[in-house]
Amino acid sequence: MFDHIECYYRPTTLREALLLLRKVGKRGRIVAGATDLVLQADRSTRFLIDITHLGLDYVRGSSRGCVIGATTTMGALEHSLAVRTLAGGILAKAASTCGSIQNRNMATVGGNVANASPAADTAAVLLLLDAKVVLASSRSKRKIALADFYSVPHQTVLKGSLLVEIAIPALPRGGRLGWSFQKLGRTETDISLVNAAAGMQADARGRIKWVRLALGAVGPTPLRARNAEALLVGNILSEDLLMRAGDAVMKEVSPISDSRASAEYRREMSGVLAKRALRECAAQAGVPVGSGA
Ligand SMILES: Cc1cc2nc3c(=O)[nH]c(=O)nc-3n(C[C@H](O)[C@H](O)[C@H](O)COP(=O)(O)OP(=O)(O)OC[C@H]3O[C@@H](n4cnc5c(N)ncnc54)[C@H](O)[C@@H]3O)c2cc1C
């Protein structure tokens, strides 16, 4: 599959990697864990630049948020204390569902995001957490919102840059806060047919004051269900409100049919998973779901 590769580079500094990227231009590809790349090799690729020796495998948690290096593996995320205690552990949970142990020991979070699959399991969670990505080239370094990173499926604004790290800002504090990550796959180690992540905080009277809902594999890119969020905020959670939020999600998504599932099934399940996620958030936050009567 890679018999047309002329050179496999293994730089040991970010600067060296960025200079190499510039030198090889469009004929070069970045390789991290290679779990996606190995399926994508195209004959125009002549050079591979291995970024796993740049020292970008770190997780730095602080009161101001969390910064995760691009080559941190799913396995490392899954076991990191800082990630397990961040947002109810939903990022660790998403990482723990990315294929088999063998896959998770190779697959990196940067690769999951940069590959830009709408079904990428960490992407919906990172979107929900308002993550920003740091992109570098030999000429510039910039930090942009993950929401602005994706353009269409499998395309990003990377354009020859290297994704260096992912920054998650400080999250809402205080009580009555809940989080959830839900995934539907054919088997436990399969890619998502649909995934959903939610975060919710209620005030002392049980009124929802902050809510985030993000979904994957139901649109060209991972997406926020903003209409459903708008419907929920400021209201007391009830069965009726949950049902209306689920309906709003089903209207907001635009899934496709493929060999894994039909668009109709994905749409239906997006509503189911969104409601399931919101219920889990409510249970964690200690917020009862009223009958709505
Ligand atoms: C058996 C199997 C099961 C899987 N199951 C799941 C699953 O359940 N959920 C899921 O989300 N994914 C799953 N995947 C997909 C894959 O493992 C993940 O997307 C993984 O995180 C990709 O990371 P990687 O390091 O292997 O990326 P690579 O394959 O090395 O790279 C992927 C793409 O991103 C680019 N790239 C990588 N790192 C960077 C960077 N830092 N900056 C710029 N570009 C970069 C590469 O050039 C390439 O185009 C599965 C894959 C396999 C083979």
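Thresholds, definitions, all that
Residues numbered from 1 in each chain as written. Predicted model: local features only at pLDDT ≥ 70, side-chain atom pairs only at ≥ 80, totals over all residues. Heavy atoms only, no water. 1 Å grid on protein atoms, 1.4 Å probe; cavity = no way out; pocket = protein on both sides within 12 Å on 5 of 7 lines; lining within 4 Å. Points joined across faces, edges and corners; volume = space filled by probe spheres on them. Helix = DSSP H or I, 4+ residues; strand = E, 2+ residues; numbered from the N terminus. Nonpolar A, V, L, I, M, F, W, Y, C, P; charged D, E, K, R; others polar. Phe/Tyr/Trp six-rings, centres within 6.5 Å; stacked < 30°, edge-to-face > 60°. Buried < 20%, exposed > 50% of the residue type's maximum accessible area, 1.4 Å probe, protein only. Lys NZ or Arg CZ within 6 Å of the ring centre and 35° of its normal. Near = heavy atom within 4 Å. Polar contact = N/O pair within 3.5 Å; in protein donor to acceptor, adjacent residues only side chain to side chain. Areas by Shrake-Rupley, 256 points an atom, 1.4 Å probe, with all protein chains shown as cover. Pairing = 2+ DSSP bridges. Core = buried A, V, L, I, M, F, W, Y, C linked by side-chain atoms within 4.5 Å. Domains from an automatic or database assignment. Contact = heavy atoms within 4.5 Å. Buried area = accessible area lost by both parts, 1.4 Å probe. Salt bridge = Lys/Arg side-chain N within 4 Å of Asp/Glu carboxyl O.

Observations regarding the layout of surface pockets
Alright, step 1. Put simply, the second largest pocket is a space of about 230 Å³.
Alright, step 2. Along the wall of the second largest pocket there are 17 residues; nearest its centre are Ser62, Thr85, Leu86, Ala87 and Leu171.
Alright, step 3. Secondary structure elements with two or more residues in the lining of the second largest pocket: strand 4 (59-62), strand 5 (65-69) and strand 9 (177-185).
Alright, step 4. Of the residues in the lining of the second largest pocket, the class split is nine nonpolar, six polar and two charged.

Overview of the packing of aromatic side chains
Alright, step 1. In this structure the tally under the stated criterion is three aromatic pairs.
Alright, step 2. Seen from their ring centres, Trp179 and Trp210 are 5.6 Å apart, and the 65 degrees between their planes marks the pair as edge-to-face. In this pair, Trp179 is assigned in strand 9 and Trp210 in strand 11 (residues 208-216), connecting sequence segments 31 residues apart. Neither Trp179 nor Trp210 differs from the other in exposure class; each is buried.
Alright, step 3. Across the ring face of Tyr58, the terminal group of Arg60 is positioned such that the distance to the ring centre comes to 3.9 Å.

Quick word on the site of the ligand
Alright, step 1. In the vicinity of the ligand lie 32 residues, with Ile30, Thr35, Asp36, Thr108 and Asp121 positioned nearest.
Alright, step 2. One of the side-chain nitrogen or oxygen atoms of Asp121 is found 2.7 Å away from a nitrogen atom of the ligand.
Alright, step 3. Between the ligand and the protein, one listed contact pairs a nitrogen atom with a backbone N or O atom of Leu163 at 2.8 Å.
Alright, step 4. In isolation the ligand offers 980 Å² of accessible surface; the protein chains occlude 87% of this area.
Alright, step 5. Elements with a contribution of two residues or more to the shell around the ligand: strand 2 (28-31), helix 6 (109-114) and strand 8 (162-169).
Alright, step 6. Its residues assigned to classes, the shell around the ligand shows 16 nonpolar, 11 polar and five charged.

Some details on the pairing of strand 4
Looking along a regular strand, one sees side chains alternate from face to face of the sheet.
Alright, step 1. The pairing of strand 4 with strand 5 spans four bridges and is antiparallel. Following the sheet pairing, Gly61 is matched in strand 5 by Cys66.

Details of the nonpolar core
Alright, step 1. One finds Phe149 and Ile168 to be the most contacted residues of the largest nonpolar core, which totals 44 residues.
Alright, step 2. No other element matches the six residues that helix 7 (residues 121-128) contributes to this core.
Alright, step 3. Per-domain counts for this core show at least three residues from each of domain 2 (59-169) and domain 3 (177-285).
Alright, step 4. Those residues within four positions of Phe149 in sequence are excluded, and the remaining contacts are Val113, Ala114, Val133, Leu135, Ile144, Gln155, Thr156, Val157, Leu158 and Leu163.
Alright, step 5. Judged by nonpolar contacts, the second largest core, of 33 residues, contains Val218, Leu241, Val253 and Ala285.

Focus: the pairing of strand 9
Alright, step 1. Where burial is concerned, most of strand 9 is hidden: seven out of the nine residues are buried.
Alright, step 2. The sheet contact formed by strand 9 and strand 10 (residues 192-202) spans nine bridges and is antiparallel. The partner of Gln182 across the bridge, within strand 10, is Ala196.
Alright, step 3. In this structure, the hairpin formed by strand 9 and strand 10 is closed by a connection of six residues.

Points about the domain arrangement of the chain
Alright, step 1. The domain architecture assigned to the chain consists of domain 1 (7-50), domain 2 (59-169) and domain 3 (177-285).
Alright, step 2. Relative to domain 3, the C-alpha centre of domain 2 lies at a distance of 20 Å.
Alright, step 3. Contacts between the two partners involve 24 residues from domain 2, matched on the other side by 24 residues from domain 3.
Alright, step 4. When the two sides are added together, the surface that domain 2 and domain 3 hide from each other amounts to roughly 1,900 Å², 67% of it contributed by carbon and sulfur.
Alright, step 5. The largest contributions to the domain 2 side of the interface with domain 3 come from Pro118, Leu127 and Leu128, which together make up 30% of the buried area.
Alright, step 6. Our count for the domain 2 to domain 3 interface comes out at three salt bridges.
Alright, step 7. Our enumeration of links across domain 2 and domain 3 arrives at seven residue pairs in polar contact (both at pLDDT 80 or more).
Alright, step 8. Among the secondary structure elements, those contributing two or more residues to the side of domain 2 that touches domain 3 are helix 4 (90-96) and helix 7.
Alright, step 9. If one sorts the elements of the side of domain 2 that touches domain 3 by residue count, helix 7 sits on top with six residues.
Alright, step 10. Here the residues of the side of domain 2 that touches domain 3 sort into 15 nonpolar, six polar and three charged.

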